[in-house]
Amino acid sequence: MSLLRIAVPNKGSLSQAASEMLRESGYRQREDPKQLTLTDAENGVEFFYLRPRDIALYVGEGTLDLGVTGRDLLLDSGAKAEEALSLGFGRSRFRFAGPRGAFTDLAQLSGARIATSYVGVVRAFLEERGIEASVVRLDGAVETSIQLGVADAIADVVETGSTLRQAGLEVFGETILESEAVLVARSGSVPAGLEIFKRRLQGVLVARGYVMMDYDIEEARVAEAVQLTPGIESPTISPLRRDGWVAVRAMVPRDGSQRLMDELFQIGARGILLTKIDACRL
């Protein structure tokens, strides 16, 4: 049986998080950061550790079956690859920025010079809006390009905005792109083993977003409690030795679970427990 060939970022902000997710999905991962490949024959996969910017290109050409990279890098590459699954980490926002007070509207970019590390993404965004501007490719630290006279504005990742403020810049206009880590596959291709691989990753995503909640409650208040904890399909309800009481178990969203415990306590639930979920299949 041929192995599923998968590209993983070898460094950068996506690298560690991608490897952690793959480990949680039951796959072996490298221990030595200099290791370029790893074969996990038991699980039918082979991993290749590559530059994040190159991954979509390898997948698009069919050299590799799947890859983990950023949505921004996928779109910027122009590769014949497509997003197969969003992975929930490495989130970032791309915005335009310029000197304070210089720009208030995207239309003002007409004829301007824009420095960015993501030429493909920015050009496509401007073309969709009929804005003609000169896009200059720079790798890293694009904030200084305006001060050095290379550009009039920049397009870059914005997190807190503190780096921009230090450079005397401010964001303007709508968001160019909301990016995150994604699993990519060749356009129109469904490699053998893809569904199993996706199912494992999806199991980790669900496990990260949910917890298992157990509690005891009077049988007369079960309907009220189940409205708060409906579970994924339906909660498990088991009789207790104590007359008139039952035990309830349900998966609940991790966010807000503490508030949910408070609400259950108020209606009489006791012995309320939260348990981490390592993985699941739905």
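What you are looking at is a predicted structure, and each value in this text was computed from that prediction instead of being measured.

Describing the overall build of the protein
Along the protein, the regular secondary structure elements total nine helices and 15 strands. Against the globule reference of 19 Å for 282 residues, the protein gives a C-alpha radius of gyration of 24 Å, more extended than a compact globule. By element, 47% of the accessible surface of the protein is carried by carbon and sulfur atoms, the whole surface being about 15100 Å². Between the centroid of the 33 positive side chains of the protein and the centroid of its 39 negative side chains there is a distance of 3 Å.

Examining the environment of Ile272
Structurally, the position occupied by Ile272 is in strand E15 (residues 270–276). Relative accessible area serves as the criterion here: at 15%, Ile272 is assigned to the buried category. In this structure the C-alpha to C-alpha distance between Ile272 and Ile217, which are 55 residues apart in sequence, comes to 9.4 Å. Among residues more than four places away in sequence, those in contact with Ile272 are Met213, Asp214, Tyr215, Met261, Leu264 and Phe265.

Regarding the sheet that holds strand E10 (residues 169–179)
In space, the five strands of this open sheet follow the order E8-E7-E9-E6-E10, with mixed pairing throughout. Each edge of the open sheet carries a strand with a single partner, namely strand E8 (134–137) and E10. Across the sheet, the mean angle separating the axes of adjacent strands is 30° when strand polarity is ignored. Against the sheet, helix H4 (residues 119–128) touches strand E6 (92–99), strand E7 (113–116), E8, strand E9 (153–158) and E10, its axis set at about 170° to E8.

So, helix H1 (residues 15–24)
Along H1, the residues that are buried comprise Ser15, Ala18, Ser19, Met21 and Leu22. Down the axis of H1, the buried set is contained in an arc of 160°. They therefore lie on one face. Close packing links the buried residues of H1 with strand E1 (4–9), strand E3 (45–50), strand E4 (66–70) and helix H7 (194–209). One or two positions beyond H1, positive phi appears at Gly26, with a value near 95°.

Comments concerning the sheet that holds strand E5 (residues 81–86)
Read across the sheet, six strands follow the order E2-E3-E1-E4-E11-E5 without closing on themselves; strand pairing throughout is mixed. Looking at which strands have only one partner, the edges of the open sheet turn out to be strand E2 (37–40) and E5. Neighbouring strand axes in the sheet, compared pairwise and without regard to direction, differ in orientation by 30° on average. As judged from the five bridges shared by E4 and strand E11 (residues 181–186), these two strands associate in the antiparallel manner. What sits directly across from Gly67, in E11, is Val184. In this fold H1 packs onto E1, E3 and E4, with an angle of close to 140° to the strand it touches most, E1.

Let's talk about the nonpolar core
Core analysis: the biggest nonpolar cluster contains 24 residues, and Phe47, Leu66, Leu87, Phe89, Leu183, Phe197 and Leu201 have the highest contact counts within it. Put simply, the parts of the chain that give this core at least two residues each are E1, H1, E3, E4, E11 and H7. Element by element, the count of residues in this core is highest for H7, at four residues. Leave out the neighbours within four places in its chain, and Leu201 touches Met21, Leu22, Ser25, Leu85, Leu87 and Leu183.

Description of the environment of Asp255
Here Asp255 shows up in the loop between strand E14 (245–253) and helix H9 (257–266). By relative accessible area, which is 72% here, Asp255 ends up exposed. Sequence spacing of Asp255 and Tyr210 is 45 residues, and the spatial spacing of their C-alpha atoms is 7.9 Å.

Overview of the packing of aromatic side chains
Under the counting rule described, the total for this entry stands at six aromatic pairs. Geometrically, the ring pair formed by Tyr27 and Phe47 is edge-to-face, given 6.0 Å between the ring centres and 80° between the ring planes. Of this pair, Tyr27 sits in the loop between H1 and E2 while Phe47 sits in strand E3; the two residues are 20 residues apart in sequence, bridging distant segments of the chain. A ring pair is formed by Phe96 and Phe125, whose centres lie 5.7 Å apart and whose planes are at 55°; its orientation type is tilted. Note that Phe96 is positioned in strand E6 and Phe125 in helix H4, a separation of 29 residues in sequence. For the pair shown, Phe96 and Phe125 are each scored as buried. An aromatic cluster of three or more residues is present, and its members are Phe96, Phe103, Phe125 and Phe172. The ring of Phe125 has Arg129 sitting right over it, with the charged end atom 3.6 Å from the ring centre.

Conventions we followed
- Residues numbered from 1 in each chain as written.
- Predicted model: local features only at pLDDT ≥ 70, side-chain atom pairs only at ≥ 80, totals over all residues.
- Heavy atoms only, no water.
- Helix = DSSP H or I, 4+ residues; strand = E, 2+ residues; numbered from the N terminus.
- Rg over C-alpha atoms; globule rule 2.2 N^0.38 Å.
- Areas by Shrake-Rupley, 256 points an atom, 1.4 Å probe, with all protein chains shown as cover.
- Lys, Arg positive; Asp, Glu negative; His and termini not counted.
- Charge placed at Lys NZ, Arg CZ, Asp CG, Glu CD.
- Buried < 20%, exposed > 50% of the residue type's maximum accessible area, 1.4 Å probe, protein only.
- Contact = heavy atoms within 4.5 Å.
- Pairing = 2+ DSSP bridges.
- Axes fitted to C-alpha atoms, helices over the stretch in contact; angles between N-to-C directions.
- Arc of directions from axis to C-beta.
- Core = buried A, V, L, I, M, F, W, Y, C linked by side-chain atoms within 4.5 Å.
- Phe/Tyr/Trp six-rings, centres within 6.5 Å; stacked < 30°, edge-to-face > 60°.
- Lys NZ or Arg CZ within 6 Å of the ring centre and 35° of its normal.

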